[in-house]
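In case you want the letters, here they are:
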Amino acid sequence: MTRRKKMVERVTELMDKPERIRNIGIVAHIDHGKTTLSDNLLAGAGMISEELAGKQLFMDSDEEEQARGITIDASNVSMVHTYAGQEYLINMIDTPGHVDFGGDVTRAMRAVDGAVVVVDAVEGTMPQTETVLRQALKEGVRPVLFINKVDRLVNELKVDQQEMQIRLGKVIDKVNKLIKGMNEKMYNDGWKLDAAKGTVAFGSALYNWAVSVPFMQKSGVSFKDVFEKCNSGDMKWLAKNSPLSEVLLDMVVKHLPNPTDAQKRRIPIIWHGDKETPEGLSMMNCDPNGPAALMVTDISFDPHAGEVATGRLFSGTLRRGTELYVMGTAKRANRLSQVGIFMGAERIEVEALPAGNIAAVTGLKDAIVGSTVSTMMDITPFEALKHYSEPVMTVAV
Ligand code: GDP
């Protein structure tokens, strides 16, 4: 069996097990390292070759894949990560860091349940860190923190080990202050970031290493090692002994919610229909057997397949031929011609796609970004996607 076939099997097996799924976004102020992090996570999880990571060429060196001329959509990717002996499917939605793309961050936050907030260790939090964090909390999306570019603290600012740790602590305090100011209830309910608990990681996306307190306890790698290896330029030692993808994805699996848990909390925030209706109950429970409820968060064009609608399936199961209605349009059935899921940066067709996943489908003629789509002709639509700019301006997208 080729490597690709094996991967397809692993992905399709995991998509039926919501407790093994994490839907996440990476959010950051521009230049803080979101792209570098995303690429190196994909490479670390074996979804793209390490040589190509960082070049944004989400292609596999596998000859079979090259020959097939796959069209890829780099804005949605997935990876399989093993944590505590079990495999997890991690779906990652791209969120442009530039402020002009605020609307895209909004859409992405609707599709995911957790966010990795990336902050440059030298620059600290910036205005867009605030914007994206606010957007995540508004959508009920749980954050963890990655403090990136730790190498710069040592090599550019020439801090000593103590000062390095103090500065890292200050970044955590600042992000916590933001979370508390934005939503004190969430902060008190355990969303406060805490390095000791493992909801913060530190590292260098560029040099492919990261540490977290739980990982340091397990591996024996210490802040002293981090400081000394940065100081002597031995990034390879850190990348080998404290690999970025392992530390980051362990944090994602352990601390960000699976779709079943997340939907219980998120549905009341993003959907204001009656929770006792069949669709309400089904969404609250992420039930694959209930009526389908899909929120479209992106529409792209694929030269082979035509218009592809991507979105979060909160309830039900989608199959080729499923007839769906797009709320707010003429009540005519849209028949799905393809139902897909992401594997790496590639869209693969599947027979049946259950609730809790990010779906990529064709045939939804009437849908636009923001559409609520269901097998029922008339359900309450999801909350409209709103982008909250700093400090108070609100723009509907
Ligand atoms: P984005 O705008 O958030 O996607 O940021 P990029 O991933 O494009 O990174 C912005 C710049 O920071 C690039 O020049 C990267 O090479 C650099 N960079 C990213 N991560 C690190 C890091 O850990 N250390 C250092 N020194 N540079 C980094």
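Here, the structure is the one placed above.
Overview of the structure. All figures in this text were calculated on a predicted structure; none of them were measured in a lab. (Residues numbered from 1 in each chain as written. Predicted model: local features only at pLDDT ≥ 70, side-chain atom pairs only at ≥ 80, totals over all residues. Heavy atoms only, no water.)

Thoughts on the packing of helix α5 (residues 127-138) against helix α7 (residues 161-182)
Argument step 1. Where α5 contacts α7, the two axes come as close as 10 Å, and the packing angle between them is 45 degrees. The orientation of α5 relative to α7 falls into the category oblique. The crossing of α5 and α7 is right-handed. From α5, Glu-130, Leu-133, Arg-134 and Leu-137 reach across to α7, where they touch Val-175, Leu-178, Ile-179 and Met-182.
Argument step 2. Looking at side-chain class alone, the contact of α5 with α7 contains 6 nonpolar, no polar and 2 charged residues. (Axes fitted to C-alpha atoms, helices over the stretch in contact; angles between N-to-C directions. Helix = DSSP H or I, 4+ residues; strand = E, 2+ residues; numbered from the N terminus. Parallel < 35°, antiparallel > 145°, perpendicular 65-115°, else oblique. Left-handed = near helix turned anticlockwise from the far one by under 90°. Contact = heavy atoms within 4.5 Å. Nonpolar A, V, L, I, M, F, W, Y, C, P; charged D, E, K, R; others polar.)

A word on the site of the ligand
Argument step 1. Within the structure, the ligand sits among 15 residues, and Asp-31, Thr-35, Thr-36, Asp-151 and Ser-204 are positioned closest to it.
Argument step 2. Note that an oxygen atom of the ligand is positioned 2.5 Å from one of the side-chain N or O atoms of Thr-36.
Argument step 3. In the environment of the ligand, an oxygen atom lies 3.2 Å from a nitrogen or oxygen atom belonging to the backbone of Ala-205.
Argument step 4. Computed on the free molecule, the ligand has an accessible area of 580 Å², of which 73% lies beneath the protein chains in the complex.
Argument step 5. Taken together, the elements giving at least two residues each to the shell around the ligand come down to α2 (34-44) and α6 (150-155). (Near = heavy atom within 4 Å. Polar contact = N/O pair within 3.5 Å; in protein donor to acceptor, adjacent residues only side chain to side chain. Areas by Shrake-Rupley, 256 points an atom, 1.4 Å probe, with all protein chains shown as cover.)

Purely geometric stuff here, so don't read any function into it on its own.
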